[in-house]
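# Summary of structural features
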Amino acid sequence: MPTRPLEPERAPEQVERFVKQLLVVYKAAKLYPPASEIPGESASALLKLLHALLRESPDLVFQVTKDGLLYNALPVLPDLKPFRQFARECYNRHLSEIRFHSGASTRDVIGLCRVLFEPPEQVAAAGGVEQRLWDLQVDGITVRTASTKIVDTELDEAEPDLDPDEQWPPSFQRIDELVDAAYGARPRDQRMLVRFVQNPRLVAKYLGELASSGRGGRPLTNLIAGRVVSMAHAASAELAEDQPAIYRAIAEALLGLEPETRRGVLAERLLPDSRVDQTVAAVMRQFEIGELCKALVEGLSPDPVSRDGLSRALRNLAVISMQPKELILEAAGEALAESGIDGDSIATILDNAAPTQIRRPGSTDRQDLESIIRLVDLAPVASESESAETAALRAEVADGISDSDVLLTLVTLVSIERRPEMFASLMGMLEDGLTLLLEWGEFGEAADAAAMLAAVRTDPTVEQEQRTRVDVALRTMAQPKAMREVVMALRFHHHESPEVESCRRLLSVLGGHSIAPLLEVLADEPDMAARKSLVDLISMLAPGHVDELAAKITDPRWYFVRNVVAILGATRERSALPPLARTLRHGDPRVRRETIRAAAGIKDKLAEEMLVAALSDDDPQNVALAARYLGTFGLDSAVPHLAALALDEGRGNTDPAVRIEAVEALGRLGTPAAADALRRVLKQRNFLGGGRTREIRTAAESALAGIERSSGTGGRR
């Protein structure tokens with residue numbers, strides 16, 4: 001009688017049930033909006049399966065391969081395509097291991113799923129899955145990533161048609177989901193979003209709902225502009241011949257906004273962004289010059305700030321437009337006249353928006369240069385070197401000079417001038433123009449100017465009053481509006497480009513002056529990836545400037561304080577610990593959680609004391625996280641505190657999941673004192689029943705066995 005071939009060994013049935021439920025959570029989180037209860041209910045069912053599995057082991061670990069998940073080297077549901085596809089989503093984000101801890105919550109599970117929805121490129125730009133889980137405060141699930149880049153040479157499946165079951169037109173929440181995923185959505189979602197964006201009426205309705213969301217001012221401007229940019233980038237993936245029509249639909253939708261909101265979105269965000277983002281520039285070019293100028297002028301306030309903003313918007317429009325600047329200024333003048341602006345005000349606005357080139361090379365008309373030549377004639381001639389510099393400046397004037405050259409000339413004169421009256425006069429002319437260098441995108445010149453002014457500030461031959469005024473000028477260069485221009489350039493230019501090198505040099509010179517303004521830019525930034533980049537940027541500048549950061553921890557915005565705490569932790573400086581000790585008592589548990597992470601990265605006695613103090617936190621995630629970090633410090637002094645927590649004698653939250661984390665921390669310490677504490681845990685009489693107490697016993701037995709193996713004591717109790 002022939003024998004049946006042996007079936008390949010597979011993961012235990014209970015583990016496969018867990019993975020099936022995990023896929024249910026994944027699909028529910030993808031199909032339903034964040035406010036829906038369905039993903040949470042599915043995640044709760046998953047946690048019940050997890051708790052049953054953790055009665056036999058301290059955690060649940062899966063290895064990720066290209067073709068599926070493995071549990072203890074055994075394949076999990078290898079014959080079912082949906083599970084292979086789920087594993088591929090993990091694999092494409094460079095995951096090599098997923099570990100579920102006993103303290104995992106429904107929020108942790110849904111957070112992991114939402115990270116897997118994000119495009120791989122976006123996840124990589126944000127620092128990888130591990131960093132994204134950190135950003136989302138996911139502590140009960142940890143991952144490991146592959147150390148080498150994974151290359152998938154298989155062809156993608158054919159792009160599917162739109163799902164016939166999808167509601168059309170999509171709801172506001174559904175469009176929000178599609179726009180959030182616009183930088184790499186599934187092909188079906190991409191098609192739906194593009195189909196939506198092609199309809200200017202629907203886009204206008206969506207933008208109108210955003211505008212009526214109850215926000216106002218800059219937050220609303222940033223929100224609408226961010227959505228427009230995402231929709232434009234989604235359209236940029238379409239065929240070249242189809243893109244202009246989609247861009248035009250977006251432009252038409254913008255015209256449907258209320259005048260004040262529309263002007264803010266165009267003047268403050270889209271036109272400045274279009275200088276460094278070609279996709280946004282393509283949308284702006286869909287406007288007729290006349291209609292765009294009317295949109296910028298309609299409802300213009302008479303205050304000088306609004307009119308200066310219009311001048312900047314017109315200057316940005318001239319940079320990206322295919323029309324001559326003269327035609328743009330003419331159209332703007334007509335729009336201003338139609339709106340009832342008086343002639344003198346029109347002339348002032350257009351003069352401010354006029355070309356920045358004072359005289360082009362080859363011109364024979366010297367009338368425009370008389371004031372510059374007179375300015376150079378004011379330069380002192382105390383030494384031969386200074387005479388040579390002045391002669392070079394005169395030669396530059398004769399050849400033709402731009403506005404940025406004029407400003408650099410003024411900076412040069414400031415660096416060699418010592419007479420109080422002349423120094424004050426030069427600084428008066430210079431101060432108003434320094435920020436214009438950044439507005440014009442002249443980052444190299446701005447960095448040069450800042451470097452020269454910084455040298456003057458530290459020159460002992462310069463009077464203290466003069467050094468103070470130079471310092472004020474440097475602070476002006478670092479104001480939030482100017483720093484936003486720098487951040488945009490760093491974000492959109494190639495990392496090896498001259499613009500990026502100049503911006504980095506400028507920030508290095510400005511030093512601590514740029515910290516507070518960059519934090520304000522961070523607080524206003526609606527885009528997640530941009531916030532991550534800003535935190536990284538400020539973290540690089542932060543060492544040595546702890547005081548500037550510490551001044552911000554009393555801000556009423558909890559999310560802002562959490563970012564400041566993360567940056568303080570990145571300094572790795574002991575001086576950061578006193579302000580972190582204050583945020584350890586913050587009213588929001590998310591700020592306290594970030595404080596625990598920050599303190600754990602600074603090796604100091606005070607940091608250890610802070611982690612011990614965090615064991616008294618009311619929030620279970622915070623207590624579990626502090627226990628986990630104490631387990632990695634290798635200190636016998638932490639054993640009594642972890643033992644009290646494991647024995648349910650701690651002052652903070654002592655949920656079973658928290659106690660298991662303390663048990664695992666004792667196992668990681670691996671000292672004789674930790675082993676004795678684990679034996680006391682195993683002798684507790686309350687281990688008489690109940691699933692969670694069984695999990696605690698299993699974790700304690702596993703941790704103690706690990707200590708005894710490493711110490712060679714075998715099975716001794």
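Note that this is a predicted model, so its numbers are computed, not measured. (Residues numbered from 1 in each chain as written. Predicted model: local features only at pLDDT ≥ 70, side-chain atom pairs only at ≥ 80, totals over all residues. Heavy atoms only, no water.)

Right, let's get into the overall build of the chain. When its secondary structure is counted, the chain shows 38 helices and five strands. In the chain, buried positions account for 50% of the 717 residues. The long-range share in the chain, meaning contacts at least 24 apart out of those at least 6 apart in sequence, stands at 69%. (Helix = DSSP H or I, 4+ residues; strand = E, 2+ residues; numbered from the N terminus. Buried < 20%, exposed > 50% of the residue type's maximum accessible area, 1.4 Å probe, protein only. Contact = heavy atoms within 4.5 Å.)

Below, the discussion takes up the packing of aromatic side chains. Enumeration according to the criterion identifies seven aromatic pairs in this entry. Ring centres 5.1 Å apart and planes at 80° place the aromatic pair Phe-18 and Phe-100 in the edge-to-face group. On the criterion of sequence distance, the pair formed by Phe-18 in helix α1 (residues 13-31) and Phe-100 in strand β4 (residues 95-100) is long-range, its members being 82 residues apart. Since its relative accessible area comes to 0%, Phe-18 is described here as buried. Of the aromatic side chains, those joined through ring pairs into one cluster are Phe-18, Phe-62, Tyr-71 and Phe-100. Just above the ring of Trp-558 sits the side chain of Arg-590; from NZ or CZ to the centre is 3.6 Å. (Phe/Tyr/Trp six-rings, centres within 6.5 Å; stacked < 30°, edge-to-face > 60°. Lys NZ or Arg CZ within 6 Å of the ring centre and 35° of its normal.)

The subject of this paragraph is a nonpolar patch on the surface. On the surface, a cluster of nonpolar side chains totalling about 280 Å² of accessible area is made up of Leu-31, Tyr-32 and Ile-38. Along the chain, Ile-38 falls in helix α2 (residues 38-53). For Ile-38, a relative accessible area of 33% translates into the label partly exposed. (Patch = residues over 30% accessible without salt bridge, like charges linked within 9 Å, V, L, I, M, F, W, Y side chains within 5 Å. Areas by Shrake-Rupley, 256 points an atom, 1.4 Å probe, with all protein chains shown as cover. Salt bridge = Lys/Arg side-chain N within 4 Å of Asp/Glu carboxyl O.)

We now examine the pairing of β4. With respect to burial, β4 is a largely interior element, five of its six residues being buried. Pairing of strand β1 (residues 60-64) with β4, which is carried by four bridges, proceeds in the antiparallel orientation. Among the inter-strand pairings, Val-61 is bridged to a residue of β4, identified as Arg-99. Judged from the five bridges that link them, β4 and strand β5 (residues 141-145) form a sheet pairing that is antiparallel. Along β5, the bridge assignment pairs Arg-99 with Thr-142. (Pairing = 2+ DSSP bridges.)

Bringing the packing of α2 against helix α4 (residues 106-117) into the picture now. Packing of α2 against α4 brings their axes to within 9 Å, and their N-to-C directions diverge by 110°. Put simply, α2 runs roughly perpendicular to α4. The interaxial crossing formed by α2 with α4 has right-handed handedness. The residues of α4 that touch α2, namely those facing Pro-39, Gly-40, Ala-43, Ser-44, Leu-46 and Leu-47, are Thr-106, Val-109 and Ile-110. In terms of residue class, the contact of α2 with α4 is built from six nonpolar, three polar and no charged. (Axes fitted to C-alpha atoms, helices over the stretch in contact; angles between N-to-C directions. Parallel < 35°, antiparallel > 145°, perpendicular 65-115°, else oblique. Left-handed = near helix turned anticlockwise from the far one by under 90°. Nonpolar A, V, L, I, M, F, W, Y, C, P; charged D, E, K, R; others polar.)

Okay, the pattern of salt bridges next. Applying the stated criterion to the full structure yields 20 salt bridges. Here Asp-448 ties to Arg-505 by a salt bridge, and the two come within 2.9 Å at their closest N and O atoms. Taken as a pair, Asp-448 in helix α23 (residues 443-457) and Arg-505 in helix α26 (residues 498-510) lie far apart in primary sequence, 57 residues in all. Overall, the relative accessible area of 33% leaves Asp-448 in the partly exposed class. In this structure Arg-505 comes out as partly exposed when scored by relative accessible area, which is 30%. Arg-679 is the salt-bridge partner of Asp-676, the closest N and O atoms lying 2.9 Å from each other. A residue pair is termed a helical-turn pair when its members lie 3 or 4 positions apart in one helix, as Asp-676 and Arg-679 do in helix α37 (residues 672-682) at three residues. Taken together, the shared-partner salt bridges connect Asp-448, Glu-501 and Arg-505 into one network.

Remember that the coordinates give geometry; whether it matters functionally is a separate question.
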